[in-house]
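So you can see what is in the structure, the chains are spelled out below.
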Amino acid sequence: MRKDSAVADERKRPRARHRMTSSSASSPEPDEELMRALYREHAGPLLAYVLRLVAGDRQRAEDVVQETLIRAWKNAGQLNRATGSVRPWLVTVARRIVIDGHRSRQARPQEVDPSPLEVIPAEDEIDKALWLMTLSDALEDLTPAHREVLVETYFKGRTVNEAAETLGIPSGTVRSRVFYALRSMKLALEERGVTA
């Protein structure tokens, strides 16, 4: 059969507005043309109805219409035996799908909004590793005396007196070495492109 004659035959068939009828009513598979006709006749008005139910959420409304038409396809045998219009059945199914969706959202715990987490800056491990490498390299430029007082006071967190006791030198010497070590460290870091 040519394609254009199939279209002409389809135009001669009664539309699905009032009743779903099919030449293959006894067949377990619904007629594909019947389902297309069902879609053509009822999808638009059904979408308009569902849009009101879902407060204008078009995507959700389209999903509900699609699910409704899938259920109609699955129940084509029952709809073929029905008398009168199919639209009330479709409207009822669509309304129940919307209600079930609303109930399932109410039963689920409220989802956490991830947007506050997005504004918290995540610590970048690569930057941290690069910083530690630069710092370690700059420490190598210091004299051993300056390096050890910085390690004791800044990296190990000891007080001047504790560092003096550990290093076996007077606390005034620790203070003096820390002062000059920090100056040297600042210069070493600036040479590596690190500015405060």
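Residues numbered from 1 in each chain as written. Predicted model: local features only at pLDDT ≥ 70, side-chain atom pairs only at ≥ 80, totals over all residues. Heavy atoms only, no water.

Overview of the overall build of the chain
Just so we agree on the cut-off: Secondary structure counts use DSSP, requiring at least four H or I residues in a row for a helix and at least two E residues in a row for a strand, with both numbered from the N terminus. Only protein chains enter the accessibility calculation, which uses a 1.4 Å probe; a residue whose area is less than 20% of its type maximum is buried, one above 50% is exposed, and one in between is partly exposed. Contact criterion: two residues are considered in contact whenever any of their non-hydrogen atoms come within 4.5 Å of each other.
The helix and strand tally for the chain stands at ten helices and zero strands. Put simply, the chain runs from its N terminus to its C terminus through helices and strands in the order α-α-α-α-α-α-α-α-α-α. Looking at the chain residue by residue over its 196 residues, the buried ones come to 26%. Pairs at least 24 apart in sequence give 60% of the contacts found in the chain among residues at least 6 apart.

Some thoughts on the packing of aromatic side chains
To describe a pair of aromatic rings, you give the distance between the ring centres and the angle between the ring planes. The test is simple: Here a pair means two rings of Phe, Tyr or Trp (six-membered ring of Trp) with centres within 6.5 Å. Their orientation is stacked below 30 degrees between planes, edge-to-face above 60, and tilted elsewhere.
Within this structure, the stated rule accounts for one aromatic pair. Centroid distance Phe 179 to Tyr 180: 5.0 Å. Interplanar angle 85 degrees. Geometry classified as edge-to-face. Under the relative-accessibility criterion, Phe 179 is labelled partly exposed at 47%.

Re the pattern of salt bridges
Heads up, the rule is: Here, a salt bridge means any side-chain nitrogen of Lys or Arg that lies within 4 Å of a carboxyl oxygen of Asp or Glu.
Per the counting criterion, the structure on display carries six salt bridges. With its nearest N and O atoms 2.9 Å apart, the salt bridge here joins Glu 67 to Arg 71. Taken together, the residues Glu 67 and Arg 71, both in helix H3 (residues 58–74) and four residues apart, mark about one turn of the helix. Judged by relative accessible area, Glu 67 falls into the partly exposed class, the value being 28%. Three or more residues joined by partner-sharing salt bridges are found here, namely Asp 137, Asp 141 and Arg 192.

Here's the deal with the side chain of His 146
Mapped onto the elements, His 146 comes out in helix H8 (residues 144–155). Ignoring sequence-local partners within four residues, the contact set of His 146 consists of Arg 177, Tyr 180, Ala 181 and Ser 184.

Let's talk about the packing of H3 against helix H5 (residues 87–107)
Between two packed helices, what matters for the description is the angle formed by their axes and the separation of those axes. Our working definition: To get an axis, fit a line to the C-alpha atoms, keeping to the stretch in contact for a helix; angles then go from 0 to 180 degrees between the N-to-C directions. Throughout, the term roughly parallel applies to angles under 35 degrees, roughly antiparallel to angles over 145, roughly perpendicular to angles from 65 to 115, and oblique to all others. Whether a crossing is left-handed or right-handed is set by the direction in which the near helix is turned from the far one by less than a right angle, anticlockwise for left-handed and clockwise for right-handed. Any residue that is not Ala, Val, Leu, Ile, Met, Phe, Trp, Tyr, Cys, Pro, Asp, Glu, Lys or Arg is counted as polar, Gly included; the first ten are nonpolar and the last four charged.
Here H3 crosses H5 at 125 degrees, and the two axes come no closer than 9 Å. With respect to H5, the axis of H3 lies oblique. Here H3 runs over H5; the crossing is right-handed. Only Trp 89, Leu 90, Val 93, Ala 94, Ile 97, Val 98 and Arg 105 of H5 make contact with H3, whose side of the interface consists of Arg 60, Val 64, Glu 67, Thr 68, Leu 69, Arg 71 and Ala 72. Of the residues that constitute the contact of H3 with H5, the class distribution is nine nonpolar, one polar and four charged.

Some words on the side chain of Thr 153
Along the polypeptide, Thr 153 turns up in helix H8. Classification of Thr 153 by relative accessible area gives buried; the value is 14%. The residues contacting Thr 153, other than those within four sequence positions of it, are Arg 158, Ala 163, Val 174 and Val 178.

Things to note about H5
Formally: Helix span is expected to be 1.5 Å times the residue number reduced by one. Within this analysis, the arc is defined by the directions that extend from the helix axis to the C-beta atoms.
Between its first and last C-alpha atoms H5 spans 30 Å; for 21 residues at 1.5 Å apiece the expected length is 30 Å, and the two agree. Buried within H5 we find Leu 90, Val 93, Ala 94, Ile 97, Val 98 and Gly 101. Taken down its axis, H5 places every buried residue within 135 degrees of arc, on the same side. In H5, the exposed positions angled more than 90 degrees off the buried face are occupied by Pro 88, Arg 96, Arg 103, Gln 106 and Ala 107. Considering only its buried residues, H5 is in contact with helix H2 (32–53) and H3.

Side note on the confidence of the model for the chain
This is how it is decided: Confidence scores per residue from the predictor, reported as pLDDT, run from 0 to 100.
A residue-level look at the chain finds 73% of positions with pLDDT of 70 or above and a mean pLDDT of 78. Considering only residues more than four positions removed or in separate chains, one finds that residues 1–28, a stretch of pLDDT under 50, has 38 contacts.

Digging into a nonpolar patch on the surface
Let me state the cut-off plainly: Patch members must show over 30% relative accessible area and no salt bridge, and they are joined within 9 Å when carrying like charges or within 5 Å when they are nonpolar side chains of Val, Leu, Ile, Met, Phe, Trp or Tyr. Computed with the Shrake-Rupley method and a 1.4 Å probe, the accessible areas treat only the protein chains shown as cover for residues.
A contiguous nonpolar patch, built from Ile 126, Leu 130 and Met 133 and spanning about 340 Å² of accessible area, is present on the exposed surface. By the element assignment, Met 133 lies in helix H7 (residues 125–141).

Some words on the packing of helix H9 (residues 160–167) against helix H10 (residues 171–191)
At their nearest, the axes of H9 and H10 sit 8 Å apart, and the two run at 105 degrees to each other. The angle between H9 and H10 places the two elements in the roughly perpendicular class. Contacts between H9 and H10 involve Val 160, Asn 161, Ala 163 and Ala 164 from the former and Ser 171, Val 174 and Arg 175 from the latter. By residue class, the composition of the contact of H9 with H10 is four nonpolar, two polar and one charged.

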